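# Close look at the chain arrangement
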Amino acid sequence: MSSQVIALDLLERRSAALSAAERALRITLSGSPTPIVLLDLDLRPVLFSQGWLDQAVTPRTAQSPNAEPLAPNAEFTAAAGRCLETGAVETCRVEIPTDAEGGARWYSFELSPWPRGSAYSRFVVVGREVTEAVLAAREAELAGQRLAEQNARFDAALSNMPHGLCMFDAEKRLILCNTAYRRLYDLPDALGVPGTPLDDILEHRCSIGKGPRSFATFYAATVEAALRGAAATRDVELTDGRTIRITHNPTADGGYVATHEDVTESISAAAQIEFLAFRDPLTGLPNRAAFQRAYDDAVAAAEQGEMFGLIMLDVDHFKDVNDTLGHDAGDALLKALAGQLKRAFRRNDTVARLGGDEFAIVLRDLKSEADMTRPIEVLQGLLRTPIEHAGQSFTICASIGAAVHGDPDADPTHLLKNADVALYQAKYDGRNRSVVFRPAMRTEVEQRVELLREVRLAISQGEFDLFYQPVVDLAGNTVAGFEALMRWNHPEQGVLPPAAFMAAFEDNDLSLQLGEVAFERALGQMRAWLDQGVEFGRVAINISAAQFRTGRLAAEIAAKLARWNVPADRLTIEVTENVYMGWGAEVVSDTVRQLHDTGVLIALDDFGTGYASLANLRQFPIDRLKIDKSFVQNSQDDAIVRAVINLGSSMGMKVVAEGVERPDQVATLTQYGCDQVQGYHFARPMPATEVAGFIEAFSTRA
């Protein structure tokens, strides 16, 4: 029954009690889209407008002939009381609950006596929904509170900074400075007021003997450079003998912000120990002798209760760098790494090159293990920045092992061995990562050695096989192909995924053997499907860095395709960003170009988790971009997914989204223009025997 029929029925049942004026009002209300209700003096509803009913301002139960008084909240009741007492129009705001998710609605009500005059016997209540205004006001209030909290935190941080900080506008007038800045130069409060000219501050400093020793050099090298939009850092000598490290950075409005740090003592200490016998000539870092002295000093201090840490670092696949790109490229890598190490660690930490691609860092006077892990995280962030050398762009990958000595009863000399164990763990966990030593690692290393032994035996006994996960084309709703995924048919533990034997992929020899198994199994199965008439599309096989490093991969794949009589356009090879864009990228590029020319499709796997640049994408032959499932499954990365899809489309590449598990993800990816998807929403990886049935069932369902 429509709301209008309900309203008319309600009016008919009450018609006998209505006055002529009320009947006239009834006619007016029956067609009014505005929420209006006529109440008696006890707040019982008499008439409802069509708008009141359509907007469901009150529940259906409140619209029956025997309805209870309409009193949605205390403010409404109070407004009605005032209206009854004074005869004047009253207003109030009421929160109206809803059954739907998302909270309540808000209405502003105006209550007027009716009819007008002293003999009123009814209330006319006119409503207006103000939900958006209420929510906007609340959001504005919350935003104001958050801004106030941020400002308070900023003020606290500024006041407690150990270094001096100041900010000047384009006219070289002070915007702000902290307490440390005024204390550093003994500035009176009057010179810390916003608007103070920089020249006034410098004049005062010179007058009390705390100005730059070379005023012109300081002014030209720092202030003017910053005002021209160039960042500048200088150690400035003062007339009082101190050395202040000043870092100026330009701001968008033409001014600059600067930090001032007294580095007098640290420079003096560095000057005492910097001599040629303890320096590595290539990188300028302390050498092995300097490291040994620093380590011995740390051990001695540890016996007095001081906590210290030790970090061992090896460049991953450094030999491949020298072999493929030349020793000049290797030297450039080591120099760049030295610079990043110095940026990541404190000036009083000993960052040393032990020889070759081996580095070590001694960290003194630690308060906790976090004091050691924080700079490691900084370093790993710096390593993600590509290095340019001889027209090529690449990144440094390094394995890091760390150990900390904090137990006064333990032997600190064992720290070298512990850090080495952690470094070994990092390498076998996949390299390009850091590991902090834990006593259990010794057992883990033994278990890993046993695992590698079992994998070698399993390969010889044919226990490794492939499962296949479908790739679905969204536009045609068809199966475009499959990705071949390695599985271990363990005689005791059943079918194991790659995560259970990942250490084998980090072993160069085993990685090559597993890659050989994958190709032989996949091509043999593809040949069988072709003979059976199974339209499987393409099969994608993952390629490891070890396979590329042989330099023979293209020729070997071509020979296997010919031997199995499988057309090249049935094969896709998947390469991760880190393999494609790292050291040796030229070898990788040459290999994939040769394969691409034969018809093999090239896919860049897990796009977005490595360090590929737009220049890399244009330089190398790439047919598919595969969006890593971590982005697909995280709604906060929605913008990244859209950007990758648009990037791939603009560059003529198809985009494949991994990890699709829900219908809404399919809908969203379709809306964004994604080409293909794969994930549990369609199927989990399946044995080869189930592929034909899946294709038939999928085509029937589609």
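Details of the structure are given in the entry above.
Reference entry: report on the structure contained in this document.

Analysis parameters
Each residue is numbered by its place in its chain's sequence as written, counting from 1. At least 70 in pLDDT is required for a residue's local features to be given in this predicted model, at least 80 for side-chain atom pairs to be given and counted, and no such filter applies to totals for whole chains, interfaces and linings, which use all residues. Heavy atoms throughout the structure, all of them, feed into the side-chain values; hydrogens and water do not. Strands are runs of DSSP state E lasting at least two residues, helices are runs of H or I lasting at least four, and both sets are numbered from the N terminus onward. Polar contact is the term for a pair of N or O atoms within 3.5 Å; when the atoms are in protein, one must be able to donate a hydrogen and the other to accept it, and sequence-neighboring residues count only if both atoms are side-chain atoms. Residue contacts are defined here by distance: any two heavy atoms, one from each residue, within 4.5 Å place the two residues in contact. Only the stretch in contact is used when a helix axis is fitted, and all axes are lines through C-alpha atoms; the angle between N-to-C directions ranges over 0 to 180 degrees. The cut-offs work like this: below 35 degrees is roughly parallel, past 145 is roughly antiparallel, 65 to 115 is roughly perpendicular, and the gaps in between are oblique. In this scheme the crossing of two helices becomes right-handed for a clockwise turn of the near helix relative to the far one and left-handed for an anticlockwise turn of less than a right angle. Each residue gets one of three labels, nonpolar for Ala, Val, Leu, Ile, Met, Phe, Trp, Tyr, Cys and Pro, charged for Asp, Glu, Lys and Arg, and polar for the others, Gly among them. A 1.4 Å probe rolled over the protein chains alone gives each residue an accessible area, and that area as a share of the maximum for its type sets the label: buried under 20%, exposed over 50%, partly exposed in between. One requirement defines pairing of two strands: DSSP has to find at least two bridges between them. The definition of a nonpolar core used throughout is a set of buried Ala, Val, Leu, Ile, Met, Phe, Trp, Tyr and Cys residues joined through side-chain atoms within 4.5 Å. Here, a salt bridge means any Lys or Arg side-chain nitrogen found within 4 Å of an Asp or Glu carboxyl oxygen.

## As for the side chain of glutamate 90
- Residue position: glutamate 90 is located in strand 3 (residues 90-96).
- Only 3.1 Å separates the side chain of glutamate 90 from the side chain of arginine 82, close enough to count as a polar contact.
- Aside from chain neighbours lying at most four places away, what touches glutamate 90 is Ala79, Arg82, Cys83, Phe109, Glu110 and Leu111.

## Some thoughts on the packing of helix 24 (residues 638-650) against helix 25 (residues 663-672)
- The contact between helix 24 and helix 25 brings their axes to 10 Å, and the two run at 45°. Between helix 24 and helix 25, the interaxial angle falls into the category oblique. The element helix 24 and its partner helix 25 pack so that their crossing is right-handed. Taken together, the residues of helix 25 that come into contact with helix 24 (itself represented by Asp638, Val641, Arg642 and Ile645) are Thr668, Leu669 and Tyr672.
- Classifying every residue of the contact of helix 24 with helix 25 by side-chain character gives four nonpolar, one polar and two charged.

## Quick look at the pairing of strand 22 (residues 571-576)
- For strand 22, a buried count of five out of six residues is recorded, marking the element as mostly surrounded by other parts of the structure.
- Looking at chain direction, strand 21 (residues 538-542) and strand 22 are connected through four bridges and run parallel. Each bridged residue has a counterpart across the sheet, and for asparagine 542 the counterpart in strand 22 is glutamate 574.
- Across five bridges, strand 22 lies against strand 23 (residues 601-607) in parallel orientation. The residue of strand 23 that forms the bridge with threonine 572 is leucine 601.

## So, the environment of proline 498
- Along the chain, proline 498 turns up in the loop between strand 20 (494-496) and helix 16 (502-506).
- Taking C-alpha positions, proline 498 is 7.7 Å from tryptophan 488, a pair spaced ten residues apart along the chain.

## Re the sheet that holds strand 6 (residues 164-168)
- Spatially, 7-6-10-9-8 is the arrangement adopted by the five strands of the open sheet, whose pairing is antiparallel. Two strands bound the open sheet, and with one partner strand each, they are strand 7 (174-177) and strand 8 (232-237). Each adjacent strand pair in this sheet contributes to an overall mean axis angle of 20°, direction not counted.
- Relative to strand 9 (residues 243-250), strand 8 is paired through six bridges, and the arrangement is antiparallel. Across the sheet, residue valine 236 finds its bridge partner in strand 9, namely isoleucine 244.

## Regarding the nonpolar core
- Val455, Phe464, Tyr468, Ile573, Leu669 and Val677 are the most contacted members of the largest nonpolar core, which totals 78 residues.
- Element by element, the count of residues in this core is highest for helix 17 (residues 508-532), at nine residues.
- Those residues in contact with isoleucine 573 that lie beyond four places of it in its chain are Ile541, Ile543, Ile557, Val592, Leu595, Val600, Leu601, Ile602 and Ala603.
- Listed in part, the 32 residues of the second largest apolar core include Val315, Leu333, Phe359 and Ile387.

## Thoughts on the pattern of salt bridges
- The full count for this structure, using the stated rule, is 29 salt bridges.
- Arginine 552 is paired through a salt bridge with glutamate 556; the nearest N and O atoms lie 3.3 Å apart.
- Residue arginine 552 is classed as partly exposed on the basis of its relative accessible area, which comes to 49%.
- The class for glutamate 556 is partly exposed, based on a relative accessible area of 32%.
- Look at the salt bridges and you will find they share partners, linking Asp186, Lys210, Asp240, Arg242 and Asp262 into a network.

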